[in-house]
Every structure is written in structure tokens, then in C-alpha cells.
Amino acid sequence: MELRNKIDKILGNLLIVIMGVMVLNVLWQVFSRYFLGAPSSFTDELARYLMIWVGVLGAAYVSGKNKHVAIDVLPAKFSKKVQKRLKVTVQVLIILFCLFALVIGGARLVFITYVLKQYSPALQVPLAAVYIVLPISGILIIYYKTSDILKN
């Protein structure tokens, strides 16, 4: 579990940094618009991309902590043995979704935007750098869920 704790700590700190940058970015946007009279050209785009990263990496972090939203009305009616099987089944389904949607689909999106040399309009960063968070998050969720299955 030591590796899991290290990943949790790194991911948690990264999310704190991204949120801090996002807050400073939005504060600068408001300040430049209302006090300087000339809104900054990059802040809207940066806030959008940071929000994507916070949302997707945050989902991985919450998944690792098992704090995500769950409807537990149905499992509570089953025996402990059935609850355990149901939990493993749900975790396997999550792993499959993350593999196909986030890892494979996300990697394909990164590859396509990289090959097409797509850049963001204001920041001029490669969109592949923005979308790389999808396969990273997918790999993290797969790691967390696999770890949970092996632990139980």
C-alpha cells in the first residue's frame, strides 16, 4: 500500500497546485477586465483547460479514496457474500470503462491531435498536452480499482 499512498499524495498535491493556479488565473482575469479595462487574452482558455485537468484527475483521486458517489440501496439488501461479488463486478466494469474510454480513447485523441498539430488558439499549447490527462487518469483509476480487487 505504500505505492498507493505515494500516488495519493502526489495526486492530491497536484490537484491543490492546479486549483491554486486556476484561482490566481481567474482573479487575474477579473482584475484585468474590471480594473485595467483590458481583459487578458489567455485566462479564459487557461481556466477551461485547468478545469478539465481538475475534473478528470479529481475523479481519479476520489476513485482511489473510494469517496465517489455510490447508490447503495440495492447492495444493502443482499448478503455479505453477494455484496462482495457485486462490488468486484462493479470494479471490473469501471476498469473496463476506463481502459476503453479513457486509456484507449484518450490515447487515440492525444495521438490524433498530436499528428494533426492542433494548438489552442490563445495559449498556443498543443491540444495533445491538454488531452493527455485522459489516459493518465484512466491508468490511475485502473490501478486503484485493481488494487482494491486484489486487497479484498
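One can find the structure itself at the top, above this paragraph.
Here the structure is a predicted model, which is why all the values come from computation and not from measurement. Positions within a chain are numbered from 1, following the residues in the order the chain's sequence is written. In keeping with the model being predicted, local features are shown solely for residues with a pLDDT of at least 70 and side-chain atom pairs are shown and tallied solely at 80 or more, while totals for entire chains, interfaces and linings include all residues. No hydrogens and no water enter the side-chain calculation; it runs on all heavy atoms of the structure.

### Regarding the overall build of the chain
Scanning the chain from terminus to terminus reveals five helices and zero strands. A run of H or I in DSSP counts as a helix once it spans at least four residues, and a run of E counts as a strand once it spans at least two, with each numbered from the N terminus. For the chain, the sequential pattern of α-helices and β-strands runs α-α-α-α-α. We compute the radius of gyration over the C-alpha atoms and compare it with the globule rule, which gives 2.2 Å times the number of residues raised to the power 0.38. The C-alpha radius of gyration of the chain comes to 19 Å, more than 25% above the 15 Å expected for a compact globule of 152 residues. Principal axes of the C-alpha set define a box for the chain whose edges measure 65 × 35 × 30 Å.

### With respect to helix α3 (residues 80-115)
Multiplying 1.5 Å by the residue count of a helix minus one yields the expected span of that helix. In this model α3 runs 50 Å from its N-terminal to its C-terminal C-alpha over 36 residues, within 8% of the 52 Å that 1.5 Å per residue would give. Leucine 99 marks where α3 bends most, by close to 30°. Against α4 (127-131) and α5 (133-151) lie the buried residues of α3. The positive-phi residue at the C-terminal boundary of α3 is lysine 117, with phi of around 55°. Across the chain, bend at a residue is computed as the angle between axes fitted to the seven residues ending at that point and the seven starting from it. The contact definition used throughout considers only heavy atoms, calling two residues in contact when any of these lie within 4.5 Å.

### Describing the nonpolar core
To qualify as a nonpolar core, a set must consist of buried Ala, Val, Leu, Ile, Met, Phe, Trp, Tyr and Cys residues joined through side-chain atoms within 4.5 Å. Throughout this description, buried means an accessible area under 20% of the type-specific maximum (1.4 Å probe, protein chains only), exposed means over 50%, and partly exposed covers the range between. Membership of the largest hydrophobic core comes to 19 residues, with the highest contact counts inside it found for Leu11, Leu57 and Leu140. Secondary structure elements with two or more residues in this core: α1 (2-34), α2 (43-65), α3 and α5. Not counting the four nearest positions on each side in its chain, leucine 140 is found in contact with Ile7, Leu11, Leu57 and Ala60.

### Quick word on the layout of surface pockets
Any empty space left between the atoms is revealed when a probe the size of a water molecule rolls over them. Each pocket or cavity is described by its volume, and for the largest pocket that value is around 440 Å³. Here a cavity is any set of points on a 1 Å grid over the protein atoms alone where a 1.4 Å probe fits but cannot get out, and a pocket is any open set with protein on both sides within 12 Å along at least 5 of 7 lines; a residue lines the site when it has an atom within 4 Å of a point. Around the largest pocket sit 14 residues that line it, and His68, Ala70, Pro75, Lys87 and Val90 are the ones nearest its centre. Counting residues per element, the lining of the largest pocket draws most heavily on α3, at six residues. The nonpolar class holds Ala, Val, Leu, Ile, Met, Phe, Trp, Tyr, Cys and Pro. Asp, Glu, Lys and Arg form the charged class, and all remaining residues, Gly among them, are polar. Taken together, the residues of the lining of the largest pocket sort by class into seven nonpolar, four polar and three charged. Grid points are joined across faces, edges and corners, and a volume is the space filled by probe spheres set on the points.

### A short note on the pattern of salt bridges
Side-chain pairs of opposite charge can arise whenever the charged atoms involved come near each other. Salt bridges are defined as contacts in which a side-chain nitrogen from Lys or Arg sits within 4 Å of a carboxyl oxygen from Asp or Glu. Summed over the entire model, instances satisfying the criterion amount to five salt bridges. A salt bridge links aspartate 148 to lysine 145; the nearest nitrogen and oxygen atoms lie 3.7 Å apart. You can see aspartate 148 and its partner lysine 145 sitting in helix α5, three residues apart, about one turn around the helix. Taken as a pair, aspartate 148 and lysine 145 share a single burial class, namely buried.

### Regarding the environment of glycine 106
With respect to the secondary-structure elements, glycine 106 resides in helix α3. Spatially, the C-alpha atom of glycine 106 lies 39 Å from that of glycine 37, the residues being 69 residues apart in sequence. Excluding residues within four positions of it along the chain, glycine 106 makes contact with Ala101, Leu134 and Pro135.

### Things to note about the packing of α1 against α5
When two helices pack together, their arrangement is given by the angle between their axes and by how far apart the axes lie. Contact geometry of α1 with α5 gives a least axis separation of 12 Å together with a crossing angle of 145°. As α1 packs across α5, the resulting crossing turns out to be left-handed. Contacts from Leu3, Arg4, Ile7, Asp8 and Leu11 in α1 reach Leu140, Tyr143, Tyr144, Ser147 and Asp148 in α5. In the contact of α1 with α5, the residues fall into six nonpolar, one polar and three charged. Axis lines are fitted through C-alpha atoms, for helices just across the contact stretch, and the angle between N-to-C directions can take any value from 0 to 180 degrees. A crossing counts as left-handed when the near helix is turned anticlockwise from the far one by less than a right angle, and as right-handed when that turn is clockwise.

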